[in-house]
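Structure at a glance
Spelled out from the first residue to the last, the chains are:
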Amino acid sequence: MNRREFLETVAAAAVLPTLARQGAGEWGAPVFDLHFHLRPQPAANLAHLDGAGITKANLLTRGRALDQVKALHATAPGRFTWFNSYDVTQPDAEQVLTQAVKSGAQGFGEMKFHVAADGPELRRMYSLAADLHVPILIHFQEVDHAPNEGTWSAGFAKSFESVLKAYPRTRFIGHADAFWANVSADYHNESAYPTGPITRGGVTDRWLGDYPNLLGDMSAVSGNNAMARDPAFTADFLKRHQDKLLFGSDCSCRDGHGAGYDNPAAPRMAGKCVARETLSLLKRATAADVFQKIVWGNVHKLLRIPA
Ligand SMILES: [Zn+2]
Ligand SMILES: [Zn+2]
């Protein structure tokens, strides 16, 4: 080792503790999980983040959850942001969600209810999100995982373009089966997680390109599945929408390594951590600068918080 190499090694070692604190070690960039459902025990939340090499996460809660959110903030300052949801069919939904934002919620979500994507219940939430300057994260699903599950935010492929046009001030974050299956133009609600090569020109792909107010949440088996189907498509898709995509896990495993994960509709993911699977996939599929935007940079811009 010559003197220059020695000094470089020393300099790198000095930087390491900072990078390790930001979680950059394992994935080569710090990682923000947009889609993390709050767990009742504070330690269980940290077990998933730390296990999967995740620096920060956005807590998704439903109903009145402020005390739990505050407790977690106190346990792990700076590691969590917060989105709240509430039953949109209830008359006090606007009041409860407005109060949540006043108490520190930075978005609405996850919105997962048995209503139409362009129905009156969600429409008033789209307006409210714009008025309060917060994004709204929506679960779109048309195909049952279990019998008679029903649909959530139904009619995505048919009706959501009219919503994107009608609410230009609302920042929409699309998520779940119907959002991701529709990256392929040949999808007609045949299955929850379609496989095989993608037919170019699916509505999700087109709308991400055409509407500045639509972003994509890559979490869950749905996001992973869409990106695992067709490597040539994936590389191109990630490049084209690099400023519109947000990494999330929606993983229910205990330890950030897959313990206890079981999604009956996706046997290939049994015993795996969705966060780890999708981070590995994204890292393989795209350049380091694009990966950094998707797993860290974009969400900080969206929430207007320092990276
Ligand atoms: Zn969901
Ligand atoms: Zn996991």
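The coordinates are above.
Values in this document were obtained by computation on a predicted structure and should not be read as measured data. (Residues numbered from 1 in each chain as written. Chains lettered and ligands numbered in written order. Predicted model: local features only at pLDDT ≥ 70, side-chain atom pairs only at ≥ 80, totals over all residues. Heavy atoms only, no water.)

A few words now on the overall build of the protein chain. A tally of helices and strands in the protein chain yields 13 helices and 8 strands. For the protein chain, the C-alpha radius of gyration of 19 Å lies close to 19 Å, the compact-globule estimate for 307 residues. Projected onto the principal axes, the alpha-carbon positions of the protein chain cover approximately 70 × 45 × 35 Å. Excluding contacts between residues fewer than 6 apart, the proportion of contacts in the protein chain whose partners are at least 24 apart in sequence is 71%. Carbon and sulfur atoms provide 55% of the accessible area of the protein chain, an area that totals close to 13300 Å². (Helix = DSSP H or I, 4+ residues; strand = E, 2+ residues; numbered from the N terminus. Rg over C-alpha atoms; globule rule 2.2 N^0.38 Å. Contact = heavy atoms within 4.5 Å. Areas by Shrake-Rupley, 256 points an atom, 1.4 Å probe, with all protein chains shown as cover.)

Within strand 2 (residues 56-62), 6 of the 7 residues are buried, which leaves the element mostly enclosed by the surrounding structure. Across 4 bridges, strand 1 (residues 32-37) lies against strand 2 in parallel orientation. Bridge pairing links Phe36 to Leu59 in strand 2. The sheet contact formed by strand 2 and strand 3 (residues 80-85) spans 6 bridges and is parallel. Each bridged residue has a counterpart across the sheet, and for Arg62 the counterpart in strand 3 is Ser85. In this region the chain leaves strand 2, passes through helix 4 (residues 66-75) and returns to the parallel neighbour strand 3; the handedness of that crossover is right-handed. (Buried < 20%, exposed > 50% of the residue type's maximum accessible area, 1.4 Å probe, protein only. Pairing = 2+ DSSP bridges. Right-handed = clockwise from strand over helix to strand, strands pointing away.)

With that settled, the discussion passes to the side chain of Lys244. Position of Lys244 relative to the elements: it lies in the loop between helix 11 (231-240) and strand 8 (245-246). It is Asp210 that comes nearest to the buried, bridge-free Lys244 among opposite-charge side chains, at 8.8 Å. Here the side chain of Lys244 touches Leu208 through a polar contact of 2.7 Å, landing on its backbone oxygen. In this structure, Lys244 is in contact with Leu208, Tyr211, Pro212, Leu214, Leu215, Gly216 and Asn298, ignoring residues within four places of it in sequence. (Lys, Arg positive; Asp, Glu negative; His and termini not counted. Salt bridge = Lys/Arg side-chain N within 4 Å of Asp/Glu carboxyl O. Polar contact = N/O pair within 3.5 Å; in protein donor to acceptor, adjacent residues only side chain to side chain.)

The next point concerns the coordination of the zinc ion (ligand 2). As a benchmark, a tetrahedral metal site with four donors has ideal angles of 109.5 degrees, while an octahedral site with six donors has ideal angles of 90 or 180 degrees. Each protein donor to the zinc ion (ligand 2) is listed here as His48 (NE2), Cys251 (SG), Cys253 (SG) and Cys273 (SG); together their distances run 2.1 to 2.4 Å. Viewed at the metal, the 4 donor atoms of the zinc ion (ligand 2) are separated by angles of 104 to 115 degrees, and the geometry they form is tetrahedral. Read N to C, the donor residues that coordinate the zinc ion (ligand 2) are spaced as H-x202-C-x1-C-x19-C. In this pair, His48 is assigned in helix 3 (residues 42-52) and Cys253 in the loop between strand 8 and helix 12 (274-285), connecting sequence segments 205 residues apart. Classification of Cys253 as buried rests on a relative accessible area of 0%. (Donors = N, O, S within 2.8 Å, 3.2 Å for Na, K, Ca; no water. Tetrahedral: all angles 85-135°; square planar, octahedral: opposite > 155°, others 65-115°.)

The next subject is the sheet that holds strand 5 (residues 136-139). Within the open sheet, the 8 strands sit side by side as 1-2-3-4-5-6-7-8. Their pairing is parallel. One side of each edge strand has no neighbouring strand; the edge strands of this open sheet are strand 1 and strand 8. With 4 bridges joining them, strand 5 and strand 6 (residues 172-175) adopt parallel strand pairing. Note that in strand 6 the partner of Ile138 across the bridge is Gly174.

This brings us to the coordination of the zinc ion (ligand 1). On the protein side, the zinc ion (ligand 1) has Glu110 (OE), His139 (ND1) and His175 (NE2) as donor atoms, found 1.9 to 2.2 Å from it. Mapped onto the polypeptide sequence, the residues donating to the zinc ion (ligand 1) form the spacing pattern E-x28-H-x35-H. Of this pair, His139 sits in strand 5 while His175 sits in strand 6, and the two are 36 residues apart along the sequence. Grouping residues by exposure puts His139 and His175 together as buried.

Moving on: the side chain of Asn58. Along the polypeptide, Asn58 turns up in strand 2. Accessibility expressed as a relative area gives 0% for Asn58, which makes it buried. When sequence neighbours within four positions are dropped, the list of residues in contact with Asn58 reads Phe32, Asp33, Leu34, His35, Phe36, Thr81, Trp82 and Phe83.

A separate point is the environment of Pro42. Structurally, Pro42 can be placed in helix 3. Overall, Pro42 belongs to the partly exposed group, its relative accessible area being 28%. Distance from Pro42 to Ala71, taken between C-alpha atoms, is 7.5 Å for residues 29 residues apart in sequence. With residues up to four places along the chain from it excluded, the contact list for Pro42 reads Leu72 and Thr75.

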